Number of protein chains: 2
Amino acid sequence: MLKLYHAEPVANSMKVLIPLHEKGLAFESIYVDLHKFEQHEPWFVAINPEGQVPVLDHDGFIVTHSTVINEYLEDAFPEHPLRPADIRERAHMRYWNKFIDEHVMNHVSMHGWHRMVRKIARALDKDELEKLLERIPLKEQRDKWRTVAGSSFSEEQLAEATRKVSVAIGMFEKQLGETAYLACDSFSLADVNAYSHCGMMAERMFPELASREKTPGFLDWVDRMTAHPGVQKALAGPDHTNPALRTFTGEAS
Amino acid sequence: MLKLYHAEPVANSMKVLIPLHEKGLAFESIYVDLHKFEQHEPWFVAINPEGQVPVLDHDGFIVTHSTVINEYLEDAFPEHPLRPADIRERAHMRYWNKFIDEHVMNHVSMHGWHRMVRKIARALDKDELEKLLERIPLKEQRDKWRTVAGSSFSEEQLAEATRKVSVAIGMFEKQLGETAYLACDSFSLADVNAYSHCGMMAERMFPELASREKTPGFLDWVDRMTAHPGVQKALAGPDHTNPALRTFTGEAS
C-alpha cells in the first residue's frame, strides 16, 4: 500500500507525483495544504519530523526527500524504469540530480519565496506569524519565513540566484543539443527533477533567461516533458494557490 | 582499467579511496597536488572542466562528484557491496548521503578553509593570487579563495557552520545508539561519507562538540571506521599538507 503526502503539483511534490503516475502505481494521494500550514501540524510532524512534503509511506515505511523517494520507487518497483539500465547513463542521471538538488532548486525557490510566499507571510499579523514560526521544526525554514516576512532577500542574493538559474539553463540547453533528454536519449529521473524545479516554471518566472529564441532546445524539452502522460496526470492534481499568487505554481503572470 | 585522480586522504578524495580499497579494486592512483593548484591546470581541466578532485576514469568513462562516483562503483563492481541489499536500508543510506552532502560537508569545509586554506591564500602575493583565480573554472571556488585571501568568513558564518556540524553530530550520535552503522547494522556508503567529511576530523576540529564524554557512540563508530582495512589503506596514501597546517587533514592540532 502506497500513500503520498504532497502539496501542489510543482517543485518537490511534482517530482514524486510524476514517477508514481509514469510508473502506473496505485497510491493514496493525501493533499497537505501548505497555505494552511498543515505540514507543521502535530499529526504531520509525527510522520515527518522535518515538517516537509513530500513523504512516501510504503506499507508503513516512511521515505522523505524527493530524490531519495524517487530512487526508492525504482528499487521497489523496477517496472517502467525511470532509472536507466546502462550504468553510465545512470551516473549521468545522478550527476544531474545532484546538480539540480544543490545548484538549481534553492535558487528557483528563493524567487518563489520572494514573489509568492512573501505575500502570504506579510498577510499574517505578528501574533499569527510567531505562532506559525514556533511550530516549524527546521531552523532553515523558520529563517526563510522570517526573511520574507521582513525585508525579504537582498537584491544581491536574488541576483546571485538568477545567475545560478542562468548557468543551469545554459547547461540544460547545451546537453539537450547532444541528447534528447538530460542523462541520455530517454526520459529519466534527471528530467523529472529538472522539470519540476526549473523547466515547468522557467519561461514564466525567468523570461529573460528562457525563451523560444534564446533556449529553443530547452523549451522544446519542456514541451515534450509536459506532454508525457504521467506529467499530465500530475498536473491535473489540486492547486489551492491563490490565483493572484501563481507566479510560481501556475497560470497567472 | 580504473584510474582515480585524487588529493590527500580526507574529505571527497577519502570518500572515494575508501570504497576502492574496501572493494579490493585495482586502480591507478594519480595524485593531484592541490598545494600546487594542479587541479586548475589545463591538463586536469581537460579531464574535469570543473577543476575539482576526485575524478574516476573507468576505461575512459569519466565520473565526477564523490557521491555519484561511489554509486557508480556499486553499479559497476557489485562484489563486496557498500550499498545495502535491503531497499529500505538503501533509502536510509541515500538519506544520509544527501544530508551529509548538503548539510555537513560545506560546513566542516568552511572551517577547513578558514583555518588552513586561508594561510595558503595569504602566503601568495597579489599577482600570484590573481593568476590563480583566473584559472579556477567555478565561480563558487573563486569566491572562496577571494574570501579567505581577504577578511575570511565572518564570525556569524563560522558560528552558523559550527551549529550545523553540531546538529549533524547530534544526529549521528542518536542514530548510532540505534544501529551499529548509520544506515543499518552494516558498513555502507553513508558511513564512508560521514567519516570522510566529519567523523575523521571531528574530535580534532570540534573538540567542544565531539568527545568521549559527550558523544561516546559517535567516537566509538569513528574508531571502528578507522580500523576498517580499506580505511587504513586509504589513510596510508600521500599527505603533502604542510604539517603546520594539518588542522584539517592530520596530526597537528
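Given the structure is predicted, the values throughout are model-derived calculations rather than measurements.

Criteria and thresholds
- Residues numbered from 1 in each chain as written.
- Chains lettered and ligands numbered in written order.
- Predicted model: local features only at pLDDT ≥ 70, side-chain atom pairs only at ≥ 80, totals over all residues.
- pLDDT = per-residue confidence, 0-100.
- Helix = DSSP H or I, 4+ residues; strand = E, 2+ residues; numbered from the N terminus.
- Expected span 1.5 Å × (residues − 1).
- Bend = angle between axes of the 7 residues up to and from the residue.
- Buried ≥ 20, exposed ≤ 12 C-beta atoms within 10 Å, placed from the backbone.
- Pairing = 2+ DSSP bridges.
- Axes fitted to C-alpha atoms, helices over the stretch in contact; angles between N-to-C directions.
- Contact = placed C-beta atoms within 7 Å.
- Least-squares fit on C-alpha atoms with pLDDT ≥ 70 in both.
- Domains from an automatic or database assignment.
- Nonpolar A, V, L, I, M, F, W, Y, C, P; charged D, E, K, R; others polar.

Caption draft 1: Structural detail: the confidence of the model for chain A. Per-residue confidence for chain A averages 94 on the pLDDT scale, and 96% of its residues sit at or above 70. Here the predicted complex scores 0.95 on pTM and 0.95 on ipTM.

Caption draft 2: Representation of helix H9 (residues 189-205) of chain B. All names here are of chain B. For H9, which comprises 17 residues, the first-to-last C-alpha distance of 23 Å matches the rise-based estimate of 24 Å (1.5 Å per residue) to within 8%. Bending of H9 peaks at approximately 60° at the position of tyrosine 195. Across the 17 residues that make up H9, a large majority, 14, are buried.

Caption draft 3: Up close: the sheet that holds strand S1 (residues 2-6) of chain A. Residues and elements named next belong to chain A. Taken in spatial order, the four strands of this open sheet run S2-S1-S3-S4, and their pairing is mixed. Whereas interior strands pair on both sides, the edge strands pair on one side only; in this sheet they are strand S2 (28-31) and strand S4 (61-64). For this sheet, the mean angle separating the axes of adjacent strands, direction not counted, is 20°. In the packing of helix H3 (residues 66-76) onto the sheet, the strands contacted are strand S3 (55-58) and S4, and the crossing angle to S4 comes to about 135°.

Caption draft 4: Highlighting the relation of the copies chain A and chain B. In the superposition of chain A on chain B (RMSD 0.0 Å, axial shift 0.0 Å), the rotation amounts to 180°. On this basis, the relationship between the two copies can be described by a two-fold rotation axis. The position closest to the rotation axis in chain A is occupied by the C-alpha of glutamate 102 of chain A, lying 3.6 Å away. The residues that chain A uses at the interface reappear at the interface of chain B in 100% of cases, marking a shared surface.

Caption draft 5: Spotlight on the domain arrangement of chain A. All names here are of chain A. Domain boundaries assigned for chain A yield domain 1 (2-76) and domain 2 (87-228). A separation of 19 Å is found between the C-alpha centroids of domain 1 and domain 2. Contact residues are listed per partner, giving 15 residues for domain 1 and 15 residues for domain 2. Only helix H1 (11-22) and H3 provide two or more residues apiece to the side of domain 1 that touches domain 2. Here the side of domain 1 that touches domain 2 is built from residues that sort into eight nonpolar, four polar and three charged.

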